[in-house]
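Coordinate analysis (summary)
Listed here are the chains, written in short residue letters.
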Amino acid sequence: MAQDTAVPKLDFEYWLDKAIKWGQATTLESQKDVCLHLPQLQEFLRQVYETLKHMDSIAAIQQFPLIGQLLGRLCWNPFVIGYDESQKTLMWCLCCLYSSEPQNPVELKANSWIRSLLCHLLSSSKWESNEAETSTFISTLGYTSADYYCHLVKNMVFSLLAEFRGNQFNGRNIQGRVSGSRVHAVSLFCLPLITLPDLTPLLETLLLYQGGASKEILSSEFLEAVNDAFLKKKISLPESAVISLWLRHLPSLEKATLHLLDQLVSIQLNSLEEVACVIKDSLLPQAASHPAIFRIVNEIFKNVLLETDGTPEVLTVIQVFTQLFLQAHQNENKEHRFPLKAYFPYHHQPLVTALLRRPLELPTTHWSQHLKCISDTLKALVEDTNISSFADLFEIWFLVARFGEWLDIAAEQLLKASVEPDALLWLLAFYHCPQNENQQRTQTMVEAQAVYSHLTMLFSYTVLSVKDLEAAVHTVMGIDQCCNQHLIIHLLTNFLLFSSGGQMIAQEFIYHITEATDTRKEVCSLLIRTAYRIKHNGEENQKTVKLLNELVQKLTSKV
């Protein structure tokens, strides 16, 4: 039954019709059409192979009577066999059709035909031995195959670069020397060769091309193919070329951002170092130094956060991304660096300025005062009568949430430092419960202050039991509002991490409270963020770091 349901998905008639029209791609129109269809054709061939590998050769030919004609024609199309992994997939498909024990003359003849096609494909893997097939491609670009008899691709790329750049090419100013249609044509004909390492300099030159035309001069298929190859790590491009790609083709930027989120959310988060490494490797924080890219990535993050209902993993990724973006911005050449307000043009600038101060830029003794400044500024803004809609409130919350490092420090400072608690508790209450009205926020503050008072009383104890924290547990369990529950757990977790008595019972208590409240992911994200902050803010504490690692390992093992 599985084989029958796969049949409608494999449109052999459509692709055979295409293959017949293409022939060996000897005309300009057929070559363009081949290039435009190569990604879809490769996916079709992959699906064919996935189906064939579960069938014997006789059943395959009976079920797909057109398969021989199709594969035979495609094997002689130089554009098809030159594209990415199509040649390899064609070989796999042919191997599936080969009869290991031929029973009659027809099967023997089929085997002989398959062997000849495999020999042809194997010999075609060397460019220099396949000059006749590729001469059409080269002549289309205005060159003869005789010039490339030894190192065809290298020489072709070198010649195109020389044509584009001239003697005075400075990386951008090539318009006027090459027509827009010429550049467009070259971008199309690069499609089958994009993953070849020797083509990288040409890809870079095309991506950095500024033609001055109102419309994009490079083909969208080319831009999509380059982006896909980059995301799959099939090619390596310099940062400037990647930024240019994303600026000129916004769908590629969106795909790159969603690809990064998918990567990070799908892996088990055990440390933010791993997360930071993946984010840096994507080049998105560096590219976000351009305000247009930053604002688009920001919008994508907001939409994903709303769609996932503020899942802790997504929020943590956004917070790490923001830290890496600020580092990349700081490392920018001062002459080319945009002012930070260019990235947050529609937000309350005093609040933006306060949040943008990194903890490392301030002495730890000034953290509490800075947090009070953030809280007072935020409170005045939120209580402003002009801020009434959900959209306005969400924009403010998202701005604060992406600088989550300050929020975690606020929870820590409440317990470790001598502070005025009201301002810091209000800041945490807004973060966890932004939609609360005045009366609801007052109730949240009353509950938070009660737990905070109980925890500060226990903070100096060197020996504690789970029973000592029962009052706080009862508060958590008795809270109807989920957001209030998260606020109390935020305070409780920091108490367990930074009090000597709390560290003794941390594993038992956190296991108990996360099971009872279904907050394992949230607490795990908080622990990972705290470990990262301690290591990178010069607060190295071996005992606390060891405890954090043990807690994360225990919580993640429960998945």
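For the chain, the name recorded in an unreviewed UniProt entry is FANCC protein, with Rissa tridactyla as its organism.

1. Considerations on the overall build of the chain
Of the regular secondary structure elements, the chain holds 30 helices and zero strands. Counting across all 559 residues of the chain, residues that qualify as buried make up 51%. Restricting the contact set of the chain to residue pairs at least 6 apart, pairs at least 24 apart contribute 71%. On the chain, roughly 26400 Å² of surface is accessible, and the fraction owed to carbon and sulfur atoms is 53%.

2. Quick notes on the nonpolar core
Of all hydrophobic cores here, the largest spans 177 residues; its most connected members are Leu 202, Phe 222 and Trp 246. Dropping the residues within four chain positions of it, Phe 222 is found in contact with Ser 187, Cys 190, Leu 191, Ile 194, Leu 203, Leu 206 and Leu 207.

3. Some details on the side chain of Ser 187
Counting through the fold element by element, Ser 187 comes out in helix H11 (residues 180-189). Residue class for Ser 187 comes out buried when judged on its relative accessible area of 0%. There is a polar contact of 2.6 Å between the side chain of Ser 187 and the backbone oxygen of His 184. Discounting chain neighbours no more than four positions away, the residues touching Ser 187 are Leu 206, Leu 218, Ser 219 and Phe 222.

4. Observations regarding the pattern of salt bridges
By the definition in use, this model includes 15 salt bridges. In this structure, the salt-bridge partner of Lys 372 is Asp 376, at a minimum N-O distance of 2.8 Å. Within this pair, Lys 372 and its partner Asp 376 are both found in helix H21 (residues 367-382), separated by four residues, close to a single helical turn. According to the relative accessible area criterion, Lys 372 is partly exposed, its value standing at 23%. The partner of Glu 412 in a salt bridge is Arg 533, with the nearest N and O atoms 1.9 Å apart. Of this pair, Glu 412 sits in helix H23 (residues 404-416) while Arg 533 sits in helix H29 (residues 520-536), and the two are 121 residues apart along the sequence. What makes Arg 533 buried here is its relative accessible area of 3%. Overlapping salt bridges bring together Glu 299, Lys 302 and Glu 395 as one network.

5. A look at the environment of Cys 190
Relative to the helices and strands, Cys 190 resides in the loop between H11 and helix H12 (200-207). Considering only alpha carbons, one finds Cys 190 and Tyr 83, 107 residues apart in sequence, at a separation of 9.6 Å. If we skip the residues at most four places from it in the chain, Cys 190 touches Leu 199, Leu 202, Leu 206 and Phe 222.

6. Looking at helix H15 (residues 250-266)
Given a rise of 1.5 Å per residue, 17 residues ought to cover 24 Å, and the 24 Å separating the end C-alpha atoms of H15 matches this to within 8%. Those residues of H15 that sit buried are Ser 252, Leu 253, Ala 256, Thr 257, Leu 260, Leu 261 and Leu 264. Along its buried surface, H15 packs onto helix H13 (220-231), helix H14 (239-248), helix H16 (272-282), helix H17 (284-287), helix H18 (291-307) and helix H19 (312-331).

7. Structural notes on helix H20 (residues 349-356)
Those residues of H20 that sit buried are Leu 351, Val 352, Ala 354, Leu 355 and Leu 356. For H20, the elements touching its buried residues are H19, H21, helix H22 (390-401) and H23.

8. Notes on the environment of Leu 527
As for its position among the elements, Leu 527 is in helix H29. For the pair Leu 527 and Asn 549, spaced 22 residues apart in the sequence, the C-alpha separation amounts to 8.2 Å. Those residues in contact with Leu 527 that sit more than four places away from it in its chain are Thr 493, Leu 497, Leu 548, Leu 551, Val 552 and Leu 555.

9. A short note on the packing of H21 against helix H24 (residues 421-432)
Two numbers describe how H21 lies on H24: the axes approach to 9 Å, and their chain directions differ by 55°. Between H21 and H24, the crossing angle belongs to the class labelled oblique. Here H21 runs over H24; the crossing is left-handed. The segment H21 lies against H24, with Ser 368, Leu 371, Lys 372, Ile 374, Ser 375, Asp 376, Leu 378, Lys 379 and Val 382 engaging Ala 423, Leu 424, Trp 426, Leu 427 and Phe 430.

10. Some remarks on the packing of H15 against H16
Angle between the axes and distance between the axes: these two values describe a pair of packed helices. Contact geometry for H15 and H16: axes closest at 11 Å, N-to-C directions at 160°. Comparing the axis directions of H15 and H16 gives the class roughly antiparallel. Both H15 and H16 take part in a crossing whose hand is right-handed. Counted together, Leu 260, Gln 263 and Leu 264 of H15 and Val 275, Val 278, Ile 279 and Ser 282 of H16 form the full contact between these two elements. Within the contact of H15 with H16, the residues separate by chemical class into five nonpolar, two polar and no charged.

11. Comments concerning the packing of aromatic side chains
In this structure the tally under the stated criterion is 19 aromatic pairs. An aromatic cluster is built from Phe 12, Tyr 14, Trp 15, Trp 22, Phe 44 and Phe 64, whose rings are joined through pairwise contacts.

12. What about the confidence of the model for the chain?
Residues of the chain with pLDDT of at least 70 account for 85%, and the chain-wide mean is 81. The low-confidence segment residues 126-133 (pLDDT under 50) makes 17 contacts with residues lying over four places distant or belonging to another chain. Low confidence marks residues 167-176, where pLDDT is under 50. Its contacts with residues over four positions away, or in another chain, come to 12 contacts.

13. Description of the state of the cysteines
One way to say it: the disulfide is the covalent bond shared by the sulfur atoms of two cysteines. All chains considered together, the criterion is met by zero disulfides. Cysteine Cys 95 is unpaired, with the sulfur of Cys 96 as its nearest cysteine sulfur at 7.1 Å.

14. Examining unusual backbone geometry
For Lys 233, which is not glycine, the phi torsion reads 60° and is therefore positive. Structurally, Lys 233 is set in the loop between H13 and H14. Using a relative accessible area of 56% as the deciding quantity, one classes Lys 233 as exposed. One non-glycine residue with positive phi stands out, namely Asp 309, at about 60°. Inspection of the secondary structure assignment puts Asp 309 in the loop between H18 and H19. Judged by relative accessible area, Asp 309 falls into the exposed class, the value being 71%.

15. As for the environment of Leu 415
Its place among the elements puts Leu 415 in helix H23. Remark: the alpha-carbon pair of Leu 415 and Phe 498, spanning 83 residues in sequence, is separated by 7.9 Å. With sequence-adjacent residues up to four places away left out, Leu 415 is seen in contact with Leu 455, Thr 456, Phe 459, Leu 491, Asn 494 and Phe 495.

Cut-off values and rules
Residues numbered from 1 in each chain as written. Predicted model: local features only at pLDDT ≥ 70, side-chain atom pairs only at ≥ 80, totals over all residues. Heavy atoms only, no water. Helix = DSSP H or I, 4+ residues; strand = E, 2+ residues; numbered from the N terminus. Buried < 20%, exposed > 50% of the residue type's maximum accessible area, 1.4 Å probe, protein only. Contact = heavy atoms within 4.5 Å. Areas by Shrake-Rupley, 256 points an atom, 1.4 Å probe, with all protein chains shown as cover. Core = buried A, V, L, I, M, F, W, Y, C linked by side-chain atoms within 4.5 Å. Polar contact = N/O pair within 3.5 Å; in protein donor to acceptor, adjacent residues only side chain to side chain. Salt bridge = Lys/Arg side-chain N within 4 Å of Asp/Glu carboxyl O. Expected span 1.5 Å × (residues − 1). Axes fitted to C-alpha atoms, helices over the stretch in contact; angles between N-to-C directions. Parallel < 35°, antiparallel > 145°, perpendicular 65-115°, else oblique. Left-handed = near helix turned anticlockwise from the far one by under 90°. Nonpolar A, V, L, I, M, F, W, Y, C, P; charged D, E, K, R; others polar. Phe/Tyr/Trp six-rings, centres within 6.5 Å; stacked < 30°, edge-to-face > 60°. pLDDT = per-residue confidence, 0-100. Disulfide = S-S within 2.5 Å.

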